[in-house]
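Structure at a glance
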Amino acid sequence: MIRIGVLASGSGSNLQAILDACADGRIDGRVAAVVSNVPEARALERARLAGAAAEVVASKGVADRAAYDRQLVAVLRRHGVDLVALAGYMRLVTPAFLEAFGPSLARNGCPAVMNIHPALLPSFPGLHAQRQALDYGVRFSGCTVHFVDAGTDTGPVVVQAVVPVLPGDTEASLSARILREEHRIYPEALQWFAEGRLSVEGRRVTLRSAAAPTLDGVCNPSRDR
Ligand code: GRF
């Protein structure tokens, strides 16, 4: 059972998907804390309703980003967080943060920080990804769950989902179509991490097959795919 810390700045619909997946057993874990840099974020209310700890580390007017991240790390550590899920968290994390939750041998080289981005990376990183996709005129977009590194949406890709861009789409309609896929793949990726099935080498993430029970009920290590 992993203890997930979610960082969110806004509505928190991805947080909700994670809370729901923990509650119904699709993620073998629990949301140990939700931390927001925005005191009025709806994500905090969702956390409280689900009985998860909700904390604010206000970022407004804080110029020293590394000092801010050290505060965040202290809060996440206090809640015993094993994995940090960025879910609509509108700040870049600093090297100080990444060192605290960085890649480790015990986790097969996986950093313990994941993010979800509403585009098929490496296309359209950064802000307003759905608008960027519409303006560019792509026929397909989607979302990406990736491990977090020091860049903007540049870390190793864990899983992606594709959606069509339809004639007449607006930023709102495309965002809604992508968001449905976000809510599906983010909990799935977190469960893979919880099961220890992910490993990272360079930019490449490998997902090990789930152990299959044999007839005598003993699990065999199964092949990588
Ligand atoms: C999502 O589209 C996510 O991919 C992006 O910010 C949005 C957050 O939505 N990083 P929500 O707060 O989870 O509803």
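Residues numbered from 1 in each chain as written. Predicted model: local features only at pLDDT ≥ 70, side-chain atom pairs only at ≥ 80, totals over all residues. Heavy atoms only, no water.

What to know about the packing of helix α1 (residues 13-23) against helix α6 (residues 171-194)
Heads up, the condition is: In this analysis, axes come from line fits to C-alpha atoms, helices being fitted only over the stretch in contact, and the angle between any two N-to-C directions falls in the range 0 to 180 degrees. Helix and strand labels come from DSSP, where a helix needs a run of H or I of at least four residues and a strand needs a run of E of at least two; each type is numbered from the N terminus. Roughly parallel refers to an angle under 35 degrees, roughly antiparallel to one over 145, roughly perpendicular to one between 65 and 115, and oblique to any angle outside these ranges. Each crossing is labelled by how the near helix is turned from the far one, with a counterclockwise turn of less than a right angle marking it left-handed and a clockwise turn marking it right-handed. Between two residues, a contact is recorded if the distance between any of their heavy atoms is within 4.5 Å. As a working rule, the residues Ala, Val, Leu, Ile, Met, Phe, Trp, Tyr, Cys and Pro are called nonpolar, Asp, Glu, Lys and Arg charged, and the rest polar, with Gly in that last group.
Interhelical geometry of α1 versus α6 gives an angle of 45° and a closest axis separation of 9 Å. The pairing of α1 with α6 is recorded here as oblique in orientation. Judged by the twist between their axes, the crossing of α1 over α6 is right-handed. In this structure, α1 contributes Ser13, Asn14, Ala17, Ile18 and Ala21 to the contact, and α6 contributes Leu179, Glu182, His183, Tyr186, Pro187 and Leu190. Considering only residue class, the contact of α1 with α6 consists of 7 nonpolar, 3 polar and 1 charged.

Focus on the site of the ligand
Here is the rule: The cutoff for a nearby residue is simple: one of its non-hydrogen atoms must lie within 4 Å of the molecule or strand. Polar contact is defined as a pair of N or O atoms within 3.5 Å, subject to the rule that within protein one atom must be able to donate a hydrogen and the other to accept it, and that residues adjacent in sequence are counted only when both atoms are side-chain atoms. Surface accessibility in these figures is a Shrake-Rupley result with a 1.4 Å probe; residues are shielded only by whichever protein chains are displayed.
Taken together, Ser11, Gly12, Ser13, Asn14, Gly88, Ile116, His117, Pro118, Leu179 and Glu182 make up the full set of residues adjacent to the ligand. A distance of 2.8 Å separates an oxygen atom of the ligand from a polar backbone atom of glycine 12. Within the side chain of serine 13, a nitrogen or oxygen atom sits 2.6 Å from an oxygen atom of the ligand. Burial of the ligand by the surrounding chains reaches 81%, relative to a free accessible area of 360 Å². Among the secondary structure elements, those contributing two or more residues to the shell around the ligand are α1, β5 (113-117) and α6. Each residue belonging to the shell around the ligand can be placed in one class, and the counts come to 3 nonpolar, 6 polar and 1 charged.

Thoughts on the packing of aromatic side chains
The condition that has to hold: Aromatic rings from Phe, Tyr and Trp, taking only the six-membered ring of Trp, are treated as a pair when their centres fall within 6.5 Å; an angle between ring planes under 30 degrees marks them as stacked, one over 60 as edge-to-face, and anything in between as tilted. Both a distance and an angle decide whether a charge sits over a ring: NZ of Lys or CZ of Arg must be within 6 Å of the ring centre and within 35 degrees of the ring normal.
On inspection of all chains with the given rule, the structure shows 2 aromatic pairs. Geometry around phenylalanine 101 places arginine 77 over its ring, the cationic atom sitting 5.2 Å from the centre. Taking NZ or CZ as reference, arginine 91 lies 4.2 Å from the ring centre of tyrosine 68, over its face.

Concerning the state of the cysteines
Formally: The term disulfide is used for any two cysteine sulfur atoms that are within 2.5 Å. Only protein chains enter the accessibility calculation, which uses a 1.4 Å probe; a residue whose area is less than 20% of its type maximum is buried, one above 50% is exposed, and one in between is partly exposed.
Applying the stated criterion across every chain yields a total of 0 disulfides. Not part of a disulfide, cysteine 22 finds its nearest cysteine sulfur in cysteine 110, a span of 18 Å. The exposure class of cysteine 110 is buried, given its relative accessible area of 1%.

Looking at the side chain of aspartate 169
For aspartate 169, the location among the structural elements is in the loop between β7 (157-164) and α6. For aspartate 169, a relative accessible area of 14% corresponds to the buried category. Within the structure, the side chain of aspartate 169 is placed 2.8 Å from the backbone nitrogen of leucine 166, a separation counted as a polar contact. A polar contact is formed between the side chain of aspartate 169 and the side chain of serine 173, at a distance of 2.6 Å. Setting aside anything within four residues of it in sequence, one finds aspartate 169 in contact with Leu134, Pro164, Leu174 and Arg177.

Overview of the confidence of the model for the chain
How we decide: For every residue, the pLDDT score states the predictor's confidence, bounded by 0 at the bottom and 100 at the top.
Confidence along the chain averages 94 in pLDDT terms, with 94% of residues attaining 70 or more. Predicted confidence is poor over residues 219-225, with pLDDT under 50, and the contacts of this stretch with residues over four places away or in other chains come to 17 contacts.

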